[in-house]
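Letter by letter, the chains look like this.
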Amino acid sequence: QEQLVESGGGLVQAGGSLRLSCTASVRTFSIYNMAWFRQVIGKEREFVASINWRDSATLYGDSVKGRFTISRDNAKKMVSLQMSSLKPEDTAVYSCAAGPAWSASTRTAEYVLWGQGTQVTVSS
C-alpha cells in the first residue's frame, strides 16, 4: 500500500527552527513531484512548498519564502522541509503530498497521495 508518513513536528519558540521529513512508500519515488501543505482548523489548506521530480525545481508560498527550504532524497524516498525563523502564524498541521504531474504545482488537486500530517506549534 502506497503511503506517506511525516515526522519532525513539535513545539518550538518563535524564531526557532524545525525540520520535517516525509518518507514515501511508493514504487517509484523519483517520478513524483513532492509538496508540503499546511492547514489550521477552520481554514483552507495552504500551499507551503513543492519540489519537481524532473529537475528538483522548487516553489514556495509567499508566507514562507526565504525561511523554509524543501529538499528531496530520491535514494531514501524522502522529502524534507527545513523551517527557520518560525513565527506563531506558522502553527498548523503540515502534510506532505505526492503527485505525478509533469511539473510541481501549488494546487492540491495535482497531488494524489497525502500523509496524515504532523503538528507544528510555534509559541510567541
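Our subject is the structure listed above.
Residues numbered from 1 in each chain as written. Predicted model: local features only at pLDDT ≥ 70, side-chain atom pairs only at ≥ 80, totals over all residues. Heavy atoms only, no water.

Considerations on the overall build of the chain
A count of helical and extended segments in the chain gives zero helices and 11 strands. Counting from the amino terminus, helix and strand elements in the chain follow one another as β-β-β-β-β-β-β-β-β-β-β. Relative to the globule expectation of 14 Å for 124 residues, the C-alpha radius of gyration of the chain, 13 Å, shows essentially globular dimensions. Each principal axis of the C-alpha distribution contributes one length, and for the chain these read about 40 × 30 × 25 Å. Within the chain, buried positions represent 42% of all 124 residues. Restricting the contact set of the chain to residue pairs at least 6 apart, pairs at least 24 apart contribute 59%. Summed over all atoms, the accessible surface of the chain reaches about 6,500 Å², with 48% contributed by carbon and sulfur. Of the charged side chains in the chain, 13 are positive and 10 negative, and the gap between their average positions amounts to 4 Å. (Helix = DSSP H or I, 4+ residues; strand = E, 2+ residues; numbered from the N terminus. Rg over C-alpha atoms; globule rule 2.2 N^0.38 Å. Buried < 20%, exposed > 50% of the residue type's maximum accessible area, 1.4 Å probe, protein only. Contact = heavy atoms within 4.5 Å. Areas by Shrake-Rupley, 256 points an atom, 1.4 Å probe, with all protein chains shown as cover. Lys, Arg positive; Asp, Glu negative; His and termini not counted. Charge placed at Lys NZ, Arg CZ, Asp CG, Glu CD.)

Some remarks on the sheet that holds strand S3 (residues 18-25)
Spatial strand order, S1-S3-S8-S7: four strands in an open sheet with antiparallel pairing. Two strands lie at the open edges of the sheet, namely strand S1 (3-7) and strand S7 (68-73), each paired on one side alone. Direction aside, neighbouring strands of the sheet carry axes that sit 15 degrees apart on average. Two strands pair when backbone bridges link them, and S3 and strand S8 (residues 78-83) are joined in this way by six bridges, in the antiparallel orientation. When the bridges of S8 are listed, Leu20 appears paired with Leu81. (Pairing = 2+ DSSP bridges. Axes fitted to C-alpha atoms, helices over the stretch in contact; angles between N-to-C directions.)

Some words on the pairing of S3
When S1 meets S3, the two strands line up antiparallel, connected through five bridges. Residue Glu6 lies in a different strand from S3, and its bridge partner there is Cys22.

Focus on the environment of Val12
Considering the arrangement of structural elements, one finds Val12 in strand S2 (residues 10-13). Judged by its relative accessible area of 13%, Val12 falls in the buried class. Distance in space between the C-alpha atoms of Val12 and Val64 is 16 Å, their sequence separation being 52 residues. Setting aside its immediate chain neighbours within four residues, Val12 contacts Ser17, Leu18, Leu86, Thr121, Val122 and Ser123.

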